[in-house]
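# Structure at a glance
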Amino acid sequence: MSSGIPYTTEIRPDTGLTNPKLGIWLFLASEVMLFGSLFSSYALLRMGAETWPDQSAIVSVPLATLNTIVLIASSVTMVLAWSSLKARNLARYRLFMALTLAGGAVFLVVKSIEYGEKFSHGLYPSTNNFLGLYFTLTGLHAIHVIGGMLVNAFLLGPGTRMWASEPERFTNRVEVAGIYWHFVDLVWIFLFPVLYLL
Amino acid sequence: MTQNATTRSGTMPHTAEVRGYLMVFGALLVLTVVTVSASYLELPAGTAIALGLTLAAVKASLVAAFFMHLSHERAAIYATLLLTVVLAAALFSFTVWTEADHAPGTRFQSPFVAGGTR
């Protein structure tokens, strides 16, 4: 093994898992608490508000629907990228990983258009509690998208070198990056109705 | 499974796996359309919230079960997630009870509304 990290491909006997697999799930557990605190803050502020703005009149449901479809599609291409590596097809892996990255980029472009519309109408985080929550939740989510894109870009570019020497370890890396990417999709699946539709 | 990452090179299982992922994709798209359509039905607030969150939970379950492979994971991950669910539920419950249990006239007000804070 070329690195000092043990159990990157072998199963660790006491957990029944590789270390990266357990590691990503422990990280995602902390992420659940992070987003959970913000979702509960949303519930607290909305339940306690004397009045609450008509959310769908402030935000753009069509743009958010488009972004939902884009992010779900990028989750599919991500899992197909991993699946391609399992089938030992590096060329197809590259195609699906590039599509995943493109999906993330489209999501961010659409999100920036949404933000631009808000700012042009004088709607800022300080305008009201809803917009404060909207920018905090979607902003934190966008940072997660950017983080995932950086990892995916590495795995599409220089990180691919590992495929030649340690294909199984590289495949596991892509799986772990995929689990994170799907979590980012999963958070958006809840953000979409909460901030745009309800 | 991770431990089988490079041991499966046959095309048949791979094709079936891809078909499965595409079926989940189709289901997620249909549920997204249903979610958006339901928001235009002018349902009572409680019903709309319950329906919207239920549909989101179904979609999230599909992503977790199939894309994140939770449908066939090891006990250590299920144990980790069970603890996470309990702690997240406690976090959510205590926060919401803080508001639900307020005394009359002490309801939280927006800090961004002039005069909203004491």
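Everything below is about the structure printed above this text.
Quantities reported herein were computed from a predicted structural model and do not represent experimental measurements. (Residues numbered from 1 in each chain as written. Chains lettered and ligands numbered in written order. Predicted model: local features only at pLDDT ≥ 70, side-chain atom pairs only at ≥ 80, totals over all residues.)

## Digging into the overall build of chain A
Rule in force here: By definition, any uninterrupted DSSP run of H or I lasting at least four residues is a helix, any uninterrupted run of E lasting at least two residues is a strand, and each is numbered from the N terminus. Any residue with 12 or fewer other C-beta atoms within 10 Å of its own C-beta is exposed, any with 20 or more is buried, and the rest are partly exposed; the C-beta atoms used are placed from the backbone. Contact between two residues is assigned when their C-beta atoms, built from the backbone, lie within 7 Å.
Check the secondary structure of chain A and you find seven helices and zero strands. Along its sequence from the N terminus, chain A presents helices and strands in the succession α-α-α-α-α-α-α. Taking the principal axes of the C-alpha coordinates as reference, chain A spans close to 60 × 35 × 20 Å. Expressed as a percentage of its 198 residues, the buried residues of chain A come to 40%. Pairs at least 24 residues apart make up 74% of the contacts formed inside chain A by residues separated by at least 6 positions.

## Looking at the interface of chain B and chain A
Reports of interface size often rely on the accessible area that becomes lost once the parts have come together. The following threshold applies: Three classes are used: nonpolar for Ala, Val, Leu, Ile, Met, Phe, Trp, Tyr, Cys and Pro, charged for Asp, Glu, Lys and Arg, and polar for all others, with Gly counted as polar.
Taken together, the contact between chain B and chain A spans 49 residues of the former and 51 residues of the latter. Mapped onto the side of chain B that touches chain A, the elements with two or more residues apiece are α1 (11-39), α2 (45-67) and α3 (75-100) of chain B. The biggest single contributor to the side of chain B that touches chain A is α3(B), with 14 residues. Grouping the amino acids of the side of chain B that touches chain A by side-chain chemistry returns 27 nonpolar, 16 polar and six charged.

## Focus on the environment of L91(B)
You can see L91(B) is positioned in helix α3. Looking at L91(B), the number of C-beta atoms within 10 Å reads 16, which means it is partly exposed. Taking the C-alpha atoms as reference, L91(B) lies 24 Å from A65(B); in sequence the two are 26 residues apart. With residues near it in sequence (within four places) discarded, L91(B) still touches M33(A), G36(A), S37(A) and S40(A).

## So, the environment of N152(A)
Residue and element names in this part refer to chain A. Relative to the helices and strands, N152 resides in helix α5 (residues 129-156). C-alpha of N152 to C-alpha of Y124: the two residues are 28 residues apart in sequence and 32 Å apart in space. Apart from the residues within four sequence positions on either side, N152 is in contact with M97, T100, L101, A177 and W181.

## Some remarks on the packing of helix α3 (residues 61-86) of chain A against helix α7 (residues 167-197) of chain A
Residue and element names in this part refer to chain A. Here is the rule we go by: To obtain each axis, a line is fitted to C-alpha atoms, and for helices this fit is confined to the stretch in contact; angles are then taken between N-to-C directions over 0 to 180 degrees. For this classification, under 35 degrees means roughly parallel, over 145 means roughly antiparallel, 65 to 115 means roughly perpendicular, and everything else is oblique. Note: crossing handedness is left-handed where the near helix turns anticlockwise from the far helix by less than a right angle, and right-handed where it turns clockwise.
Where α3 contacts α7, the two axes come as close as 9 Å, and the packing angle between them is 165 degrees. When the axis of α3 is compared with that of α7, the two are roughly antiparallel. With respect to the hand of their crossing, α3 and α7 are arranged in left-handed fashion. Taken together, the residues of α7 that come into contact with α3 (itself represented by V61, A64, T68, L71, I72, S75, M78, V79, A81, W82, L85 and K86) are T171, V174, E175, G178, W181, H182, D185, W188, F192, Y196 and L197.

## Description of α3(A)
All names here are of chain A. Formally: A helix is expected to span 1.5 Å for every residue after the first.
The end-to-end C-alpha distance of α3 is 38 Å, a good match for the 38 Å that 26 residues give at a rise of 1.5 Å each. Burial analysis of α3 places 20 of its 26 residues in the buried class, the great majority of the element. Phi turns positive one or two residues past the end of α3, at R88, with a value near 60 degrees.

## Here's the deal with the nonpolar core
In plain terms, the rule: By our criterion, buried Ala, Val, Leu, Ile, Met, Phe, Trp, Tyr and Cys residues that link up through C-beta atoms within 7 Å make up a nonpolar core.
Grouped together as the largest cluster of nonpolar side chains are 59 residues, with contacts concentrated most on A81(A) and Y180(A). Secondary-structure elements contributing two or more residues to this core are α1 (19-48), α3, α4 (90-120), α5 and α7 of chain A together with α1 and α2 of chain B. Here this core gets 19 residues from one element, more than from any other, and that element is α7(A).

## A look at the environment of T54(B)
All names here are of chain B. When you line up the elements, T54 lands in helix α2. With 12 C-beta atoms packed within 10 Å, T54 lands in the exposed category. Residues T54 and T35 lie 19 residues apart in sequence; the distance between their C-alpha atoms is 9.6 Å.

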